[in-house]
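The lines below spell out each chain.
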Amino acid sequence: PIPKNYQHILALAFAIREVNRDPQLLPNITLGFRIYEENQYASMTEDISLSLLSSWGKVFPNYKCDTQDNVLSVLGGLNSRTSHQMSTLFGNFKISQLGYRFSDPVLRDKSQFPTFYQIDPQYHLQNAAIVQLFLYFQWNWIGVVVQKSQSSDHFIRIFEATLAQNDICIHFVKQILPRISILNILHRDQIYVLLTIMNSDAQVVIISGDSNSLQSLLIALSCYEEDTQTTFGKVWILTTQWEFSAIGYHYEWEKLKSFHGALSITVHTSPVPGFKDYLWALNPHEPHGDVFLPEWWEVVFDCEVLKAGVGSPDGRRVCTGEENLDTLPYSVFNGKMPGFSYSVYNAAYSVAHALHAAYTWESQRALKRGREKPHLNLSVKPWQVATAFASAQRLSLRTLILPRLTALPPSPPPSHGPGAPPAPRTSAGLLLGAPARDAARCDPCPEDKYPNKDKNHCIAKKTHFLAYQDTMGYALAFLTLSLSMITIAVLVIFLKHHDTPIVKANNRDLTYILLVSLLLCFLSSFLFIGHPRKFTCQFRQFAFAILFSLAVSSVLAKTVMVVLAFMATKPGNKSRKLLGKPLTNFIVIACPLTQAIICTIWLATFPPFPNMDFHSLVGEAILECNEGSTSMFYTVLAYLGFLALVSFTVAFLARKLPDSFNEAKFITFSMLVFCSVWITFIPTYLSTKGKSMVAVEIFSILASGAGLLACIFFPKCYIILLRPNLNCRENIMRHKNH
């Protein structure tokens, strides 16, 4: 069957054609579309929705075998009932859905419908227009008939409040169920509404709802006037949801004679360049894949489209293809793209812009991962298009449009009752406000720029990163060099006095490993300063994680050796067998190796990469190292924290054991400082942006490393350099026997 909203199809087809011809919007990408007619039965809506989520011809949701048939977004449905059913399903699969014909506050709840977006006028402006109309003609006694839906109660509540503020009284409010049968049969509630209108002395009746759903009510009004040869004597006001179909328009126009001279609030549209030429080029003999065009042409021009050289079998006039669209009534065919068709046109372009944004993000990610050129067949998923809608509200999703007041042509004009204005009072050009679309075009600045104070020029954002030239970068670099030099000095002292008892007593090999790892930890801070690049972004976190794991595991090995050495002095204790290099080697190798495995998984799955953050700072673009997988970053920190906690626990338990120079006590203090630094690091790191975030991590590296260096080695250096008399075997034995 021919769809009843064929002009929507023409608007959609024109928009898709223009998008595909635009070399800048979606280069190397071709959009297509598939049309489904809205069905009155809820099960059909669900079946069609499921078919869109499945491979062609099979209903298996979430399984798509077609490489060229990817659903990225859905337009529709025509009313809130079907849109509820569709959005409930599509929301589960993160597929964006654009409604273009009605305003439903329920569907605006993102907690229930996270991927539904509305492309419609602001309907509170329609209410304001109707109130202005009432005040102008001094109508203050009205009736309201509204199509029952999930949003009808909200409409009535808001409308009643608006009218009450202007001392306009509502005589009756009736809700009518949508037509659920393909037969034009009156239902009990429709008969009751008809009787209410007949017996009411209200001057004006507002009818809110689409003409398809209220069709049987229109038929009842027409039949009543024909049978009684009278008119209702009401002024009818039709809201923006009304749209007159071209299908069967001869019949529909007859049955609408009760509304001749009625006032219709319609959606304002802007001229669309090229659309009229597109319509005038339509030819039923060359439909170019449009299966609806020939039959639609037959209906509106009352002729028959035949193949060349074939005559009409029933004597009907044959369509030549030269019929003039200008001869069709304005309410049947509007070459200026009427309201809802214009919304469909905007919806198609909104999807194109969202898809463009999604492809741009994917291309940038591909470049950041090291590809010189993003792949032409870069895959974009529906959830990425929905994310683009959610984050890019600059798209014309909520265009502020004031309603336009028009009048259905009186043919002949009905005789109005008392209080009704003469028909000439409402010409098609009466505007109740200037449309926002007529304002000067305002294009958003690119992400790497921001608007000036006058909002008429875009200024390039400054690149923001921690450089050596910055005061903060200079100070951190100086601190890093200072701590590195101190560590080297300590290492030289221990190497020079390697044969002294104090150096021997504390396991020289572990001491050297710890000092070298601390030196490398300090030097790794330089990887965080300067212009972030792919290599530095990936290497700096791994270097920091593995080197600190080596340092902490060395401390753990020293602590374990202290405990085992004490236990070995107890009679009958077998812990002496564990003393020596095998155990220390195992701890020093196994712990950093585990961290290296975690880092390798991180590097293989979602490694860090350089990234531009355009939104966190005003007027500046942050050049940063995105950690890639945040969970892997915190896994690395968690493992390091685990090693530190074990070292602290063992050292704390061994702090009072008789050991040379109480090294376990110093290790306890060093681990306390280490853990304190990294516990405070996480909230501070999360609360900062840009160069400050990098500075926080560098400072944490330097502070925790300095804590280990000071607490463990400074007391020994003090004895070696300033109290050499204590650096003797007798003093060590005295401490052990104490």
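Because the structure is a prediction, the values reported are computed rather than measured. (Residues numbered from 1 in each chain as written. Predicted model: local features only at pLDDT ≥ 70, side-chain atom pairs only at ≥ 80, totals over all residues. Heavy atoms only, no water.)

S.K.: What is the right way to read the overall build of the protein from this model?
M.R.: Of the regular secondary structure elements, the protein holds 21 helices and 14 strands. Of all 738 residues assigned to the protein, the portion counted as buried reaches 49%. Pairs at least 24 apart in sequence give 72% of the contacts found in the protein among residues at least 6 apart. When the accessible surface of the protein is split by element, carbon and sulfur atoms take 61% of a total near 36700 Å². (Helix = DSSP H or I, 4+ residues; strand = E, 2+ residues; numbered from the N terminus. Buried < 20%, exposed > 50% of the residue type's maximum accessible area, 1.4 Å probe, protein only. Contact = heavy atoms within 4.5 Å. Areas by Shrake-Rupley, 256 points an atom, 1.4 Å probe, with all protein chains shown as cover.)

S.K.: Any chance you could explain the packing of aromatic side chains here in plain terms?
M.R.: How two aromatic rings sit relative to each other is given by the distance of their centres and the angle of their planes. Applying the stated criterion to the full structure yields 26 aromatic pairs. A ring pair is formed by F14 and F275, whose centres lie 5.3 Å apart and whose planes are at 70 degrees; its orientation type is edge-to-face. Taken as a pair, F14 in helix α1 (residues 6–21) and F275 in helix α9 (residues 275–280) lie far apart in primary sequence, 261 residues in all. Of the two residues, F14 and F275, both sit in the buried class. Between F542 and W602, the ring centres sit 5.3 Å apart and the planes meet at 80 degrees, which makes this aromatic pair edge-to-face. (Phe/Tyr/Trp six-rings, centres within 6.5 Å; stacked < 30°, edge-to-face > 60°.)

S.K.: Honestly, the UniProt feature "transmembrane region" (unreviewed entry) in the protein in this entry has me stumped. Any pointers?
M.R.: The positions UniProt marks with the feature "transmembrane region" (unreviewed entry) are residues 472–495, 510–530, 542–566, 586–604, 632–654, 666–686 and 698–721. The distance separating the terminal C-alpha atoms of residues 510–530 is 33 Å; by composition the span is 67% helix and 0% strand. Structurally, residues 698–721 is divided into 100% helix and 0% strand, and its ends, taken at the C-alpha atoms, are 31 Å apart. (UniProt positions renumbered as here; feature names shortened; annotations may be inferred.)

S.K.: How should the sheet that holds strand β2 (residues 96–99) be read in this particular structure?
M.R.: Strands in a sheet are paired, the pairing made by backbone hydrogen bonds, and the direction either parallel or antiparallel. Read from one edge of the open sheet, 3 strands run β1-β2-β3, paired in parallel fashion. Single-partner strands in this sheet number two, and they are β1 (73–75) and β3 (116–118). Geometrically, the sheet is characterised by an average inter-axis angle of 20 degrees between neighbouring strands, direction not taken into account. Bridge analysis of β1 against β2 gives 3 bridges, and the strand direction is parallel. Residue pairing for β2: S73 is matched across the bridge by S96. (Pairing = 2+ DSSP bridges. Axes fitted to C-alpha atoms, helices over the stretch in contact; angles between N-to-C directions.)

S.K.: Would you take a moment to explain helix α19 (residues 663–686) for this structure?
M.R.: Each α-helix turn comprises 3.6 residues. Residues three or four places apart therefore point the same way. Here α19 is 24 residues long and its end C-alpha atoms lie 35 Å apart, about the 34 Å a rise of 1.5 Å per residue gives. Buried within α19 we find E663, A664, I667, T668, S670, M671, F674, C675, V677, W678, F681 and Y685. (Expected span 1.5 Å × (residues − 1).)

S.K.: For this particular structure, what's the right way to read the packing of helix α13 (residues 471–496) against helix α15 (residues 508–523)?
M.R.: Two quantities define a packed helix pair, namely the angle between the axes and the distance from one axis to the other. Remark: α13 packs on α15, axes separated minimally by 9 Å, with the N-to-C direction vectors making an angle of 165 degrees. Here α13 lies roughly antiparallel to α15, going by the angle between them. In this structure, α13 crosses over α15, and the sense of that crossing is left-handed. Here T480, L483, S484, T487, I488, V490, L491, F494 and L495 of α13 come into contact with α15, specifically with T511, Y512, L515, V516, L518, L519, F522 and L523. Classifying every residue of the contact of α13 with α15 gives 13 nonpolar, 4 polar and no charged. (Parallel < 35°, antiparallel > 145°, perpendicular 65-115°, else oblique. Left-handed = near helix turned anticlockwise from the far one by under 90°. Nonpolar A, V, L, I, M, F, W, Y, C, P; charged D, E, K, R; others polar.)

S.K.: Just checking my understanding: could you explain the state of the cysteines for this structure?
M.R.: A covalent bond bridging the sulfur atoms of two cysteines is what the word disulfide describes. One pass over the full model with this rule turns up 2 disulfides. Here C303 connects covalently by a disulfide to C319, the sulfurs 1.8 Å from one another. Here C303 and C319 share a disulfide; its torsion about the S-S bond, 100 degrees, makes the bridge right-handed. Separated by 16 residues along the polypeptide, C303 in the loop between α10 (293–301) and α11 (339–368) and C319 in the loop between α10 and α11 bring together distant segments of the chain. Note on C319: relative accessible area 2%, which makes it buried. With a sulfur-sulfur separation of 1.9 Å, C537 is cross-linked through a disulfide to C625. (Disulfide = S-S within 2.5 Å.)

S.K.: Please clarify how the sheet that holds strand β13 (residues 609–617) should be interpreted in this entry.
M.R.: Taken in spatial order, the 3 strands make up an open sheet running β12-β14-β13, and their pairing is mixed. Either end of the sheet is taken by a strand with one partner, and the two such strands are β12 (462–464) and β13. Between one strand and the next, the sheet's axes are offset by a mean angle of 35 degrees, whatever the strand orientation. Strand direction decides the pairing type here: β12 and strand β14 (residues 620–626), joined by 3 bridges, are parallel. Bridged to H464 within β14 is I622.

S.K.: Would you mind going over the pattern of salt bridges with me for this structure?
M.R.: Working definition: two side chains of opposite charge can pair if their charged atoms are close together. With the rule as written, the count across this model stands at 4 salt bridges. Put simply, E18 and R17 hold a salt bridge, and the shortest N to O gap is 3.3 Å. According to the relative accessible area criterion, R17 is partly exposed, its value standing at 29%. Where D470 meets K691, a salt bridge forms, and the shortest distance between an N and an O atom there is 3.0 Å. Residue D470 is found in the loop between β12 and α13, and its partner K691 is found in helix α20 (residues 691–722); the two are separated by 221 residues along the sequence. Since its relative accessible area comes to 22%, D470 is described here as partly exposed. (Salt bridge = Lys/Arg side-chain N within 4 Å of Asp/Glu carboxyl O.)

S.K.: How should I be thinking about unusual backbone geometry in this particular structure?
M.R.: Both trends apply: most residues other than glycine have a negative phi, and most peptide bonds are in trans. Despite not being glycine, D167 shows a phi value in the positive range, around 60 degrees. A positive phi is found at H288, a non-glycine position, where the angle reads about 55 degrees. The residue H288 is located in the loop between α9 and α10 in this model.

S.K.: Any chance you could explain α10 here in plain terms?
M.R.: For α10, the complete set of buried residues consists of L293, W296, W297, E298, V300 and F301. Trailing α10 by a residue or two, D302 shows a phi angle of about 50 degrees, which is positive.

S.K.: Can you walk me through the packing of α19 against α20 in this structure?
M.R.: Here α19 crosses α20 at 175 degrees, and the two axes come no closer than 8 Å. In terms of orientation, α19 lies roughly antiparallel with respect to α20. Partitioned by chemical class, the residues of the contact of α19 with α20 number 18 nonpolar, 5 polar and 3 charged.

S.K.: Where do I start with a nonpolar patch on the surface in this structure?
M.R.: A grouping of I589, L593, I597 and I601 is seen on the molecular surface, where their side chains present a nonpolar patch of about 390 Å² in accessible area. Take I597: it is sitting in helix α17 (residues 581–605). With relative accessibility at 48%, the residue I597 sits in the partly exposed group. (Patch = residues over 30% accessible without salt bridge, like charges linked within 9 Å, V, L, I, M, F, W, Y side chains within 5 Å.)

S.K.: Help me understand the environment of V618, please; the structure alone is not making it clear to me.
M.R.: By secondary structure assignment, the location of V618 is in the loop between β13 and β14. In this structure the C-alpha to C-alpha distance between V618 and K449, which are 169 residues apart in sequence, comes to 10.0 Å.

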